[in-house]
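Single-letter residue listing:
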Amino acid sequence: MSKRKLTKQQTWRIEKIHAERSKRVNKRNTKAEEALLSSDLGPETEGLILSHFGTQVEVESISESDVKIATRCNLRANLGQLVTGDKVVWRANQQEGGVVVARLDRDNDLCRPDMHGRLKPIAANIDHIIVVVAAEPLAHANLIDRYLVAAETAGIPPVILLNKIDLIDESNKDSLNNLLSTYENLGYQVLRTSTKQKDSMDELYGFLGDKTSVFVGQSGVGKSSLVNTLLPGVDLSVGELSQKRKKGTHTTTTARLFHMPKGGDLIDSPGIREFGLWHISIEELLEGFIEFREHIGYCRFRDCAHKEEPGCALQQAREENKISDIRYQSFLRIKNSILENL
Ligand code: GDP
Ligand code: ZN
């Protein structure tokens, strides 16, 4: 991420915005504490955060009941940052709303840098990241690997989904099969869909099951089309929600958790779809190529660039076909792009 130099005027404005924001947060925290002291609150129950709006979150009870009602909640002080997908303990207010009193441990979280370059969680407790690629724009190892590395770094299992299989013909068939078999050989699952072929979408439904999924990938590969098919009617409800929330606290970049009609959840937002395209370190990059792991640390030189150095364990693994050419070249290309942006 490029570092910007701020003018005095900009710094002053940012500081002013921060001061106003923390004043608002303090006020809300006080509200939460006041509510906790009153007797209007129901018992502690477990909940799931569906979305985050300024200093409030939308919480849904985790229960067997089919009726799921989302409740706007204030946050008790010192809970840390709560994000979509977090599991919490909350208490409903008898009139309206409620208070979140604790955050349960996370299995994992997905982070991205904020405007100051600091990594911030944006969603939690994700079962798998679906890296969407397509026959058009044609899938490339470089981009797939960036997403895979980011998912591996976050500790969230990635799956590759080739969409637009209806556009496969003689011109792209071999290169796609070749590329995807590289990943299948590494143990990554590869799904194949076309939003125009119902059978393939039913298979995708089956695969997603009752898990919590996130779709990422380059623009134009069909993520919106996939999400719209999996969540019929959500276009409409998203429109309705933004009507109700016109007061300005809501932005479209907020991650939101959606329930699929046949079970399972999707967490989606424009910010999440770009996950993986921002900064990663060279160490994370190496570790993120899963077949490299067993060779890391065996190069003759500690600062080996894994290019032409004698005694490079990665190059040796490549000569022994333990690392494929596609992945090795992709590693070097991503590494160069990281070094260029430092
Ligand atoms: P996103 O940018 O990843 O969200 O991609 P979109 O969902 O906006 O889709 C980009 C374009 O691809 C649109 O014109 C879609 O109609 C088209 N598209 C999506 N899925 C498929 C598919 O399975 N087959 C074909 N032929 N086109 C598709
Ligand atoms: Zn090396």
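Nothing here was measured: the structure is a model prediction, and the numbers come from that model.

Visitor: Teacher, can you tell me more about the coordination of the zinc ion (ligand 2) here?
Guide: Tetrahedral coordination by four donors puts the ideal angle at the metal at 109.5 degrees, and octahedral coordination by six puts it at 90 or 180 degrees. Here the zinc ion (ligand 2) is held by Cys 299 (SG), Cys 304 (SG), His 306 (ND1) and Cys 312 (SG), and the distances to it run 2.1 to 2.4 Å. Spacing between the donor residues of the zinc ion (ligand 2) along the chain follows C-x4-C-x1-H-x5-C. With respect to class, His 306 is no different from Cys 312; both count as buried.

Visitor: Mind showing me how you'd approach helix α2 (residues 141–154) here?
Guide: An α-helical turn contains 3.6 residues, so a residue and the one three or four places further along point in the same direction. Taking 1.5 Å of rise per residue, 14 residues should cover 20 Å, and α2 covers 20 Å from first to last C-alpha, within 8% of that figure. A positive backbone phi angle near 75 degrees is found at Gly 155, which sits one or two residues after α2.

Visitor: Explanation requested: the pattern of salt bridges in the structure shown.
Guide: Oppositely charged side chains can pair when the atoms bearing their charge come close. Taken as a whole and assessed by the stated rule, the structure comprises 17 salt bridges. Across the pair Arg 118 and Asp 114 runs a salt bridge whose closest N-O atoms are separated by 3.7 Å. A residue is classified by how much of its surface remains accessible, and Arg 118, at 48% relative accessible area, is partly exposed. For Asp 114, a relative accessible area of 17% gives the class buried. If you follow the salt bridges from partner to partner, you end up with Asp 86, Arg 106 and Asp 109 in one network.

Visitor: Sorry if this is basic, but what is going on with a negative patch on the surface here?
Guide: Taken together, Asp 105, Asp 107, Asp 127 and Asp 210 make up a surface patch of like negative charges. Turning to its location among the elements, Asp 107 is positioned in the loop between β5 (98–103) and β6 (109–113). By relative accessible area, which is 67% here, Asp 107 ends up exposed.

Visitor: Even after reading the chapter, I still don't get the nonpolar core, so can you show me in this structure?
Guide: Soluble globular proteins tend to bury their nonpolar side chains together. Core analysis: the biggest nonpolar cluster contains 33 residues, and Ile 126, Ile 129, Ile 144, Ile 160, Tyr 183 and Ile 267 have the highest contact counts within it. Among the secondary structure elements, those contributing two or more residues to this core are β1 (41–53), β8 (128–134), α2, β9 (158–163), α3 (173–185) and β11 (212–216). Sorting elements by how many residues they give to this core places α2 first, with six residues. The residues contacting Ile 126, other than those within four sequence positions of it, are Asn 108, Leu 110, Ile 156, Thr 212, Val 214 and Ile 267. Membership of the second largest hydrophobic core comes to 21 residues, among which are Ile 130, Leu 191, Phe 215 and Val 227.

Calculation notes
- Residues numbered from 1 in each chain as written.
- Chains lettered and ligands numbered in written order.
- Predicted model: local features only at pLDDT ≥ 70, side-chain atom pairs only at ≥ 80, totals over all residues.
- Heavy atoms only, no water.
- Donors = N, O, S within 2.8 Å, 3.2 Å for Na, K, Ca; no water.
- Buried < 20%, exposed > 50% of the residue type's maximum accessible area, 1.4 Å probe, protein only.
- Helix = DSSP H or I, 4+ residues; strand = E, 2+ residues; numbered from the N terminus.
- Expected span 1.5 Å × (residues − 1).
- Salt bridge = Lys/Arg side-chain N within 4 Å of Asp/Glu carboxyl O.
- Patch = residues over 30% accessible without salt bridge, like charges linked within 9 Å, V, L, I, M, F, W, Y side chains within 5 Å.
- Areas by Shrake-Rupley, 256 points an atom, 1.4 Å probe, with all protein chains shown as cover.
- Lys, Arg positive; Asp, Glu negative; His and termini not counted.
- Charge placed at Lys NZ, Arg CZ, Asp CG, Glu CD.
- Core = buried A, V, L, I, M, F, W, Y, C linked by side-chain atoms within 4.5 Å.
- Contact = heavy atoms within 4.5 Å.

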